[in-house]
Protein chains: 2
Amino acid sequence: MAGKKLVECIPNFSEGRRSEVIESIADEIRKYRDVRFLDLSSDPDHNRTVMTFLGDEEEVEKAAFDAVARAAELIDMEAHRGEHPRIGAADVIPFVPIRNISMEECVRLAHRVGKRIAEELEIPVYYYEEAALKPERRNLADIRKGNYEKLREEIASPERRPDAGPQAMHPRAGAAVVGARKPLVAFNINLATGELRIAKEIAKRVRAKDGGLKCVKALGVMLHERNIAQVSMNLVDYSKSAIYTVFEMVRAEARRYGVNIAGSEIIGLVPLEALMESARYYLQLEDFKTSQVLETHLME
Amino acid sequence: MAGKKLVECIPNFSEGRRSEVIESIADEIRKYRDVRFLDLSSDPDHNRTVMTFLGDEEEVEKAAFDAVARAAELIDMEAHRGEHPRIGAADVIPFVPIRNISMEECVRLAHRVGKRIAEELEIPVYYYEEAALKPERRNLADIRKGNYEKLREEIASPERRPDAGPQAMHPRAGAAVVGARKPLVAFNINLATGELRIAKEIAKRVRAKDGGLKCVKALGVMLHERNIAQVSMNLVDYSKSAIYTVFEMVRAEARRYGVNIAGSEIIGLVPLEALMESARYYLQLEDFKTSQVLETHLME
């Protein structure tokens, strides 16, 4: 794993339906030649798009800012409806160290991008996870409490005051959360039921917040198009809460209601290592090393 | 996946115990600077070592020949004992197209290396799989029938005559099988029993030869050190017989005897795609693409 510094950026935008808007934001990233645009995943129910790109620090910094600026132009939070928690057009912008770069460097990168968003776009900015300035801002869910609609009312209060930028919502773009964190696995499990209540109950059981798995965040949401309830999760440290652990725990909890798992999905990118533990578990592999995967030897 | 032509070579040597012999053979490969030595897996029970290396055609060709020459010097088949079928010191030498190279080119490569082994080392050579000159030589098991001991007696007979080289065994090194094939997954499942009979019965059920899975070769072998019976398999086309399919079939057959699976192992390298199907199956992943694995975007 030699070579140049690589940072991943996974901005989440509050638009999952209008493809011309999504493409226009993506183009701001694609125009950088040394940035690899890795994935674009839109969900019409969540009305949300996750983009993933990778590159050296400098280009990723520029691409992230340009995409946020475009989203602020094209997305009006006053008109936005969607299942997923959100407070802004460019809702969350995390930077993740991938290679030859420290978490500290990613924190500084997040603060530089946040400063530009606050000053040049006049959007209030919160710093989260490793980039948080206060311990109570580490957790994204706490920052997004009450969503766009509630934050709009409370933003000037002492406990919700932004870390940078204006002390009021941007009239269209809302607010933005910028940060640095470890690689995260966005993992959703679809239940063979249309009962949202069951997904919500299961989410409670598996998430850290309510005494479940330490490194899991979870929500019960409804996929209206498929009439399916979903446990929507983030595994914030897959070395502690593995994909298979979460899957088996959700399966076990669903049994309580006589409900099966209909399927699951990984949103965006996943580090190979996060899949390895599941392969080892299900196939009972003894001593199976990541370096046994052929492709790991073909990397730059 | 741009870049230079890449061939993988996975020679199997009839020595899994004497580390100085194994290292001396490995050094013949490691001395080539543009060859990546990927894996070395020795099994004392099988008394066998599998080496895996990758590089451009020309260097892989030289490294393969040099390793075979060294094995012929250091391994005496007259003294060799081991569970695994074998007919020579350098028992099997397959070439596998990995990138920017066709199967046809790998077949020509196999024939060039085979010719040198036959002429310079005076070892009888058989060509197998895609490099076979006769249809009845495609299958490795047919060539190795009766092992070294039997082939020594029968080698001059019309049906067992080598494809190249002397029409008699090399007095120490035996014979060699050289070929070209698709990527193969060497997958062994350990049973929670010391009864070899059970492993043999299960092997029969799962392998193509006896009406099982089309792309699976299987043997029941004994791991004496652990007192465990093992179903030792090659998945010759993982796009047809996936790892999870084989695992679940062995599990189901073992149930017949009230036997559980104790563990499993993948020997050497495995293409990422071969693991993907198992991840999709066990985690019920809908529409999970290989390109969602972060590392696939970091390749040369």
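Residues numbered from 1 in each chain as written. Chains lettered and ligands numbered in written order. Predicted model: local features only at pLDDT ≥ 70, side-chain atom pairs only at ≥ 80, totals over all residues.

## Thoughts on the overall build of chain A
Of regular secondary structure, chain A possesses eight helices and eleven strands. Against the globule reference of 19 Å for 300 residues, chain A gives a C-alpha radius of gyration of 19 Å, in line with a compact fold. Each principal axis of the C-alpha atoms in chain A carries an extent, and together these give about 55 × 45 × 40 Å. Looking at chain A residue by residue over its 300 residues, the buried ones come to 49%. Partitioning the intrachain contacts of chain A with sequence separation of at least 6 by distance along the chain shows that 72% fall at a separation of at least 24. (Helix = DSSP H or I, 4+ residues; strand = E, 2+ residues; numbered from the N terminus. Rg over C-alpha atoms; globule rule 2.2 N^0.38 Å. Buried ≥ 20, exposed ≤ 12 C-beta atoms within 10 Å, placed from the backbone. Contact = placed C-beta atoms within 7 Å.)

## Regarding the interface of chain A and chain B
Taken together, the contact between chain A and chain B spans 35 residues of the former and 35 residues of the latter. Contributions of two or more residues to the side of chain A that touches chain B are made by strand E3 (36-43), helix H7 (243-255), strand E11 (261-267) and helix H8 (272-282) of chain A. Class assignment of the residues belonging to the side of chain A that touches chain B gives a composition of 20 nonpolar, eight polar and seven charged. (Nonpolar A, V, L, I, M, F, W, Y, C, P; charged D, E, K, R; others polar.)

## Considering the relation of the copies chain A and chain B
You can overlay chain A on chain B at an RMSD of 0.0 Å; the transform is a turn of 180 degrees with a shift of 0.0 Å along its axis. The symmetry that links the two subunits is that of a two-fold axis. Using C-alpha coordinates, one finds that chain A approaches the rotation axis most closely at A:Met299, a distance of 1.9 Å. Of the interface residues in chain A, 100% have counterparts in chain B that sit at the interface too, so the contact is made through matching surfaces. (Least-squares fit on C-alpha atoms with pLDDT ≥ 70 in both.)

## Here we look at the sheet that holds E11(A)
To summarise the sheet geometry, strands pair through backbone hydrogen bonds and adopt either a parallel or an antiparallel arrangement. All names here are of chain A. Judged by pairing direction, the sheet is antiparallel, and its four strands sit side by side in the order E9-E10-E8-E11 without closing on themselves. The open sheet terminates on both sides in strands that have one partner only, identified here as strand E9 (216-223) and E11. Looking at each pair of strands side by side, their axes are set apart by 20 degrees on average, direction ignored. Across six bridges, strand E8 (residues 185-191) lies against strand E10 (residues 228-235) in antiparallel orientation. Bridge pairing in E10 links Asn 188 to Ser 232. Here H7 sits on the sheet in contact with E8, E9, E10 and E11, set at roughly 25 degrees to E8. (Pairing = 2+ DSSP bridges. Axes fitted to C-alpha atoms, helices over the stretch in contact; angles between N-to-C directions.)

## A short note on the sheet that holds strand E8 (residues 185-191) of chain B
All names here are of chain B. Taking strand neighbours across the sheet as the criterion, the four strands line up as E9-E10-E8-E11 in an open arrangement whose pairing is antiparallel. The strands lining the two open edges of the sheet, one partner per strand, are strand E9 (216-223) and strand E11 (261-267). Averaged over all pairs of adjacent strands, the angle between their axes in this sheet comes to 20 degrees, without regard to strand direction. Bridge analysis of E9 against strand E10 (residues 228-235) gives eight bridges, and the strand direction is antiparallel. Counted as the bridge partner of Lys 217 is Asn 234 from E10.

## Overview of unusual backbone geometry
If a residue is not glycine, its phi is most likely negative; likewise, a peptide bond is most likely trans. For A:Asn147, which is not glycine, the phi torsion reads 65 degrees and is therefore positive. The exposure class assigned to A:Asn147 is partly exposed, which follows from the 16 C-beta atoms found within 10 Å. With a phi angle near 50 degrees, B:Asn227 is a residue other than glycine that sits in the positive phi range. Owing to 9 C-beta atoms within 10 Å, B:Asn227 belongs among the exposed residues under this scheme.

## Digging into the packing of helix H2 (residues 57-74) of chain B against helix H3 (residues 103-120) of chain B
The description of two packed helices rests on the angle between their axes and on the distance between the axes. Residue and element names in this part refer to chain B. At a minimum axis separation of 10 Å, H2 and H3 run at an interaxial angle of 30 degrees. Comparing the axis directions of H2 and H3 gives the class roughly parallel. You can see that H2 and H3 cross each other, and the crossing is right-handed. Taking contact as the criterion, the partners of Glu 57, Glu 61, Ala 64, Phe 65 and Val 68 in H2 are, on H3, Leu 109, Arg 112, Val 113, Arg 116 and Ile 117. The residue inventory of the contact of H2 with H3, partitioned by class, reads six nonpolar, no polar and four charged. (Parallel < 35°, antiparallel > 145°, perpendicular 65-115°, else oblique. Left-handed = near helix turned anticlockwise from the far one by under 90°.)

## Brief notes about the domain arrangement of chain A
Residues and elements named next belong to chain A. Domain parsing of chain A yields domain 1 (6-180) and domain 2 (185-294). Taking only C-alpha atoms into account, the centre of domain 1 sits 25 Å from that of domain 2. Contacts between the two partners involve ten residues from domain 1, matched on the other side by nine residues from domain 2. Elements supplying a minimum of two residues to the side of domain 1 that touches domain 2: E3 and strand E4 (48-55). Looking at which element gives the most residues to the side of domain 1 that touches domain 2, the answer is E3, with three residues. Considering only residue class, the side of domain 1 that touches domain 2 consists of five nonpolar, two polar and three charged. (Domains from an automatic or database assignment.)

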